[in-house]
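What follows is the residue order along each chain.
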Amino acid sequence: MYPRPLFQNKALQDQLTEPAAQHECKVNHPALPSFQQRIILHVDLNCFYAQAECFRRPELRDKPVVVGGDEEARHGIVLAKNMIAKGFGIKTGEALWQARQKCPGLVSVRADYRHYQRIAQAARAIYYDYSDRVEPFGLDECWIDVTGSAELFGGGQRAGRFIAEEISERSKSELGMSVSVGVSWNKVFAKFGSDYKKPDGITHITPDNYQDLVWAAPASELLYIGPATTRKLADAGIFSIGDVAGASAKLMRGKLGKIGAMLQVFARGEDASLVRVMDQDKRDVSYGIKSIGNSMTAPHDLRGEADVKALVYLLSESVAQRLRESRLKAQTITAYIRHADLHSYHRQKQLLLPSFLTGEIAAAAYDIVCENEDLSRETSFRSLGVRASNLISMWDPTQTNLFVAEPARIAYEDLEFSIDDLRRRYGNKVVMRGCELHSSRMSRKDIKADNTIHPVGFLRS
Amino acid sequence: MKGTNHRQKSYVEVITRTDCEGIVHPLEVIWDDGRHFEISRVLECRQAAALKVGGRGLRYLVDVCGKETYLFFEDPRWFVEEIIYSNAAHTL
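This structure is a prediction, so every number in the text was calculated from the model and none was measured.

Trainee: It is not clear to me how the overall build of chain A should be interpreted in this structure. Could you clarify?
Mentor: Broken down by element type, chain A carries 18 helices and 12 strands. Out of the 461 residues in chain A, the part that is buried amounts to 50%. Restricting the contact set of chain A to residue pairs at least 6 apart, pairs at least 24 apart contribute 67%.

Trainee: Can you help me understand the overall build of chain B in this one?
Mentor: A tally of helices and strands in chain B yields 0 helices and 6 strands. The N-to-C order of helical and strand elements in chain B reads β-β-β-β-β-β. Counting across all 92 residues of chain B, residues that qualify as buried make up 42%. Within chain B, contacts between residues separated by at least 24 positions form 44% of all contacts whose residues are at least 6 apart in sequence. On chain B, roughly 5,400 Å² of surface is accessible, and the fraction owed to carbon and sulfur atoms is 49%.

Trainee: Explain the sheet that holds strand β4 (residues 107–110) of chain A here, please?
Mentor: Whenever strands of a sheet pair, they do so through backbone hydrogen bonds, lying parallel or antiparallel. Residues and elements named next belong to chain A. With mixed pairing, the 3 strands of this open sheet are ordered in space as β3-β2-β4. What marks the edges here is a single partner per strand, and that holds for β3 (78–81) and β4. Each strand axis lies, on average, 30° off the axis of its neighbour in the sheet, ignoring direction.

Trainee: Honestly, the interface of chain B and chain A in this entry has me stumped. Any pointers?
Mentor: It is common to give the size of an interface as the accessible area that goes away when the parts come together. Counting residues at the interface gives 20 residues for chain B and 18 residues for chain A. When chain B packs against chain A, close to 1,400 Å² is buried across both sides, 56% of that on carbon and sulfur atoms. The interface formed by chain B and chain A holds 0 salt bridges in total. Linking chain B with chain A are 3 residue pairs in polar contact (both at pLDDT 80 or more). Top contributing element to the side of chain B that touches chain A by residue count: strand β3 (residues 36–49) of chain B, with 8 residues. Of the residues in the side of chain B that touches chain A, the class split is 12 nonpolar, 4 polar and 4 charged.

Trainee: Can you walk me through the packing of helix α12 (residues 249–256) of chain A against helix α13 (residues 258–267) of chain A in this structure?
Mentor: When two helices pack together, their arrangement is captured by the angle between the axes and the distance separating the axes. Residue and element names in this part refer to chain A. In contact at an axis separation of 6 Å, α12 and α13 are set at 130° when each is read in the N-to-C sense. With respect to their mutual orientation, α12 and α13 come out oblique. The crossing of α12 and α13 is right-handed. Counted together, A249, M252, R253 and L256 of α12 and K258, I259, G260, A261, L263 and Q264 of α13 form the full contact between these two elements. Split by residue class, the contact of α12 with α13 holds 6 nonpolar, 2 polar and 2 charged.

Trainee: Whenever I open this one, the environment of A:G89 confuses me. Can you help?
Mentor: Mapped onto the fold, A:G89 is located in the loop between α4 (83–87) and α5 (96–102). Contacts of A:G89, omitting those with residues within four sequence positions, involve A:E94 and A:K102.

Trainee: Looking at this model, I keep getting lost on the packing of aromatic side chains. Mind explaining?
Mentor: One pair of aromatic rings is described through two measures. These are the centre distance and the angle between the planes. All names here are of chain A. Summed over all chains, the structure comprises 18 aromatic pairs over all chains. Measuring from centroid to centroid gives 5.9 Å for Y130 and F153, while their planes differ by 45°, and the two rings are tilted. Of this pair, Y130 sits in the loop between α6 (113–127) and β5 (134–136) while F153 sits in the loop between β6 (141–145) and α7 (157–175); the two residues are 23 residues apart in sequence, bridging distant segments of the chain. Judged by its relative accessible area of 5%, Y130 is buried. Aromatic side chains F189 and Y210 sit 5.7 Å apart centroid to centroid with 35° between the ring planes, which places their arrangement in the tilted category. Here Y210 lies in helix α9 (residues 210–213) and F189 lies in helix α8 (residues 187–196), a separation of 21 residues in the sequence. With respect to burial, F189 and Y210 carry one shared label: buried.

Trainee: Before we go on, may I ask you to explain the sheet that holds strand β11 (residues 344–355) of chain A in this structure?
Mentor: Residue and element names in this part refer to chain A. Taking strand neighbours across the sheet as the criterion, the 4 strands line up as β9-β12-β10-β11 in an open arrangement whose pairing is antiparallel. Two strands in the sheet have a free side with no partner beyond their single neighbour: β9 (291–303) and β11. Ignoring strand direction, the axes of neighbouring strands in this sheet form an average angle of 20°. As defined by bridge partners, strand β10 (residues 328–339) adjoins strand β12 (residues 380–393) across 11 bridges and the pair is classed as antiparallel. Within β12, the position partnered with Y336 by the bridge is G385. Across the face of the sheet, helix α14 (residues 304–325) comes into contact with β9, β10, β11 and β12 while running at roughly 155° to β9.

Trainee: I'm lost on the side chain of A:R38 in this one. Help?
Mentor: All names here are of chain A. By the secondary structure assignment, R38 is in the loop between α2 (19–24) and β1 (40–45). Salt bridges are absent for the buried R38, whose nearest opposite-charge side chain, D145, sits at 4.9 Å. For R38, the side chain forms a polar contact with the main-chain oxygen of D271, separated by 3.3 Å. Aside from chain neighbours lying at most four places away, what touches R38 is D145, T147, Q157, S184, W185, N186, D271, A272, S273 and L274.

Trainee: Explanation requested: unusual backbone geometry in the structure shown.
Mentor: A negative phi angle characterises most non-glycine residues, just as the trans form characterises most peptide bonds. Backbone torsion omega between A:K198 and A:P199 reads -10°, so that peptide bond is classified as cis. For A:P199, the location among the structural elements is in the loop between α8 and β8 (202–204). Omega for the bond connecting B:D75 with B:P76 falls within 30 degrees of zero, at 5°, which places this linkage in the cis form. Position of B:P76 among the secondary structure elements: in the loop between β5 (67–74) and β6 (77–85). The phi torsion at A:Y224 lies on the positive side, around 80°, for a residue other than glycine. Here A:Y224 shows up in the loop between α9 and α10 (227–235). At B:C65, a residue that is not glycine, the phi angle is positive and equals roughly 50°. Note that B:C65 resides in the loop between β4 (56–64) and β5.

Trainee: Looking at this model, I keep getting lost on the confidence of the model for chain A. Mind explaining?
Mentor: Interpretation of this model should avoid reading the predicted coordinates in detail wherever pLDDT is low. Here chain A averages 83 in pLDDT, while 87% of its residues score no lower than 70. Low pLDDT (under 50) marks residues 3–30 of chain A, which in the prediction has 50 contacts with non-local residues, meaning those over four places away or in another chain.

Trainee: I tried to follow the confidence of the model for chain B on my own but got confused; where do I start?
Mentor: Model confidence for chain B is summarised by a mean pLDDT of 87, while 88% of its residues fall at 70 or above. Note on the complex model: pTM 0.66, ipTM 0.71.

Rules behind the numbers
- Residues numbered from 1 in each chain as written.
- Chains lettered and ligands numbered in written order.
- Predicted model: local features only at pLDDT ≥ 70, side-chain atom pairs only at ≥ 80, totals over all residues.
- Heavy atoms only, no water.
- Helix = DSSP H or I, 4+ residues; strand = E, 2+ residues; numbered from the N terminus.
- Buried < 20%, exposed > 50% of the residue type's maximum accessible area, 1.4 Å probe, protein only.
- Contact = heavy atoms within 4.5 Å.
- Areas by Shrake-Rupley, 256 points an atom, 1.4 Å probe, with all protein chains shown as cover.
- Pairing = 2+ DSSP bridges.
- Axes fitted to C-alpha atoms, helices over the stretch in contact; angles between N-to-C directions.
- Buried area = accessible area lost by both parts, 1.4 Å probe.
- Salt bridge = Lys/Arg side-chain N within 4 Å of Asp/Glu carboxyl O.
- Polar contact = N/O pair within 3.5 Å; in protein donor to acceptor, adjacent residues only side chain to side chain.
- Nonpolar A, V, L, I, M, F, W, Y, C, P; charged D, E, K, R; others polar.
- Parallel < 35°, antiparallel > 145°, perpendicular 65-115°, else oblique.
- Left-handed = near helix turned anticlockwise from the far one by under 90°.
- Phe/Tyr/Trp six-rings, centres within 6.5 Å; stacked < 30°, edge-to-face > 60°.
- Lys, Arg positive; Asp, Glu negative; His and termini not counted.
- pLDDT = per-residue confidence, 0-100.

Take a look at the structure:
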């Protein structure tokens, strides 16, 4: 191999080679309970999409930049903005035309999700150099439990800071991206720490300083306290995280129910939840799958049976194909319907037999739409979604139905797997149903390939 | 006197040798005008970002004609941070 520096972080190398410094970094709090001796990092890639675009195109670095969806496909909202655009008061989620009004020279870049996935993957490869416990929280954030590798970095809580510094340096030099890192003994405070100093900050929250740093902050800064909870807490005179920690358990439970007790545990730094060990290759999708769904805002408002049917079938193709890839069958199908006036709702239906067949899933979803909507040309729809839930393994034994011809279903299942094989080799559009070709703009969309997995909630089971 | 204006990302052809361990050794860079530049030594190889021109990958610090320069392997292509002089031809 070519010469490669042993330590990425020169300062760390110097400190570790000094015997006195090594001695000083031993465990600070031997009396702490074991979960408080954990070292957990939360790493957040700052303004991720915008930073990735600015790095790729150096000429944009001194300009206000937002990354937005496709305006022609009516996805024209701000997905991310750089620090300069932030200075103009541009907010994530607002329409691109509103953002342009606030900042006339604004550069809007189309999102390139695959590029961001590659960077996130490279970032995670760096994290995996320090621990096998790397839990992604969305594309740009990760928790890393480095308790086991702390001894390699001098041991004790200070090792967490060293590792954070090294990750920060390596992100800059290897990816060209700045990160902010929070270091603490639990996931909630680590996340708080990474939000505390942005961009490019490292915040170490220790048992000595958490009351000054965390407790003094407004309650809304705590994970899981959103605007509605903030309002409820304010009614009870609870404004800071310290107030949440010190409030009576009865009051919290009375105001917020079970969540109230959980928030108190968070605020007191007693959250003992583990950083999950994930399959490094699967990354985002290695959670137990509870449902598989796709939805799409159509490029034009959908009117009439043929239009609606085309989209329902396109979505169902993707859902069924993903079910088969995960070796799952669904028992419940849910359709999501959104009208042009933005009124939306969900309805669901049980399948007669667990299935991953595109035809059965699409038929069930289309039935739901027909039962709830008048598909004459008066009603127009903005978006539709199909979701398969109540999942079982495709190898689980199931009760067959006397009135369903099982040999025909088995033949269909074989056919679906053959089609999947063709699609794997030649692309998802190689075999399509006639009804999906109704609108050329829509049929060009490869819903499965464009499918993205969004952050999974902190409280998932 | 040549004035440096800026650098730009330029993809180049590279002749390489892959050893039994799978390690890729760049041997020669072929410039877009057909000139060949022999790499006499690889001094370092590490993951790095090309901060000046945007891009990232395996960064080789190579010795070409007695001068050290960076050569990036952005799988599967290779690029250099080309110096654009205000009044001169391309230079590595």
